[in-house]
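Working through the structure, step by step
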Amino acid sequence: HPFLFGVAMSAIKTSASDFMAQTVVERREQVDLRRNLIFCTWGLLYLGGVQYFIYVHLFARCWFPDAMAFAAKSWRAKLADTAGQRTGLKQG
């Protein structure tokens, strides 16, 4: 389940980042749990959900449908495929 894994990982990563910011950077003695929950929710909904939709569905299916075929080519074929190289540069 790549979607569930991505959503969970984004929530954990964002929550852990805020925890580190509060304890290491800000040197708080107590973690603001409300703030950490807001960051966790942001990671879950936006970073996990919305960005998954953007990068998996819109990039792969709508904006750059030929990118997977280009990625599957050998290095020699990629070097000869200038249209595929341009598509790759547009994604960056």
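Here's what I pulled together on the structure shown here. (Residues numbered from 1 in each chain as written. Predicted model: local features only at pLDDT ≥ 70, side-chain atom pairs only at ≥ 80, totals over all residues. Heavy atoms only, no water.)

Unusually for a residue other than glycine, Arg27 sits at a positive phi of about 55°. Relative to the assigned elements, Arg27 resides in the loop between α1 (2–25) and α2 (33–63). Note on Arg27: relative accessible area 69%, which makes it exposed. (Helix = DSSP H or I, 4+ residues; strand = E, 2+ residues; numbered from the N terminus. Buried < 20%, exposed > 50% of the residue type's maximum accessible area, 1.4 Å probe, protein only.)

Our focus in this paragraph is the pattern of salt bridges. The tally for this structure, following the rule as stated, stands at four salt bridges. Between Asp18 and Arg35 there is a salt bridge, with its nearest N and O atoms 2.8 Å apart. Of this pair, Asp18 sits in helix α1 while Arg35 sits in helix α2; the two residues are 17 residues apart in sequence, bridging distant segments of the chain. Under the relative-accessibility criterion, Asp18 is labelled buried at 3%. Exposure remark for Arg35: the relative accessible area of 21% places this residue in the partly exposed category. When the shortest N-O distance is used, the salt bridge between Lys73 and Asp81 registers 2.6 Å. Note on Lys73: relative accessible area 34%, which makes it partly exposed. Because the salt bridges share partners, they merge into one network encompassing Asp18, Glu26, Arg28 and Arg35. (Salt bridge = Lys/Arg side-chain N within 4 Å of Asp/Glu carboxyl O.)

Below, the discussion takes up the environment of Gln22. Tracing the sequence through the fold places Gln22 in helix α1. By relative accessible area, which is 0% here, Gln22 ends up buried. In this structure the C-alpha to C-alpha distance between Gln22 and Asp32, which are 10 residues apart in sequence, comes to 7.8 Å. Beyond its immediate stretch of four places on either side in the chain, Gln22 contacts Arg27, Arg28, Gln30, Val31, Asp32, Arg35 and Asn36. Within the local environment of Gln22, its side chain forms a polar contact with the backbone nitrogen of Asp32, the two atoms lying 2.6 Å apart. (Contact = heavy atoms within 4.5 Å. Polar contact = N/O pair within 3.5 Å; in protein donor to acceptor, adjacent residues only side chain to side chain.)

Before going further, it helps to spend a moment on the packing of aromatic side chains. The description of an aromatic ring pair rests on the distance of the ring centres and on the angle between the ring planes. All chains considered together, the criterion is met by four aromatic pairs. Summarising the aromatic geometry, the rings of Trp42 and Tyr46 are spaced 4.8 Å apart at their centres and angled 25° between planes, so their arrangement reads as stacked. With Trp42 and Tyr46 both in helix α2, this residue pair falls four residues apart, about one helical turn. With centroids separated by 5.0 Å and ring planes inclined at 50°, the aromatic side chains of Tyr55 and Phe59 adopt a geometry described as tilted. Residue Tyr55 and its partner Phe59 are located together in helix α2, separated by four residues, close to a single helical turn. (Phe/Tyr/Trp six-rings, centres within 6.5 Å; stacked < 30°, edge-to-face > 60°.)

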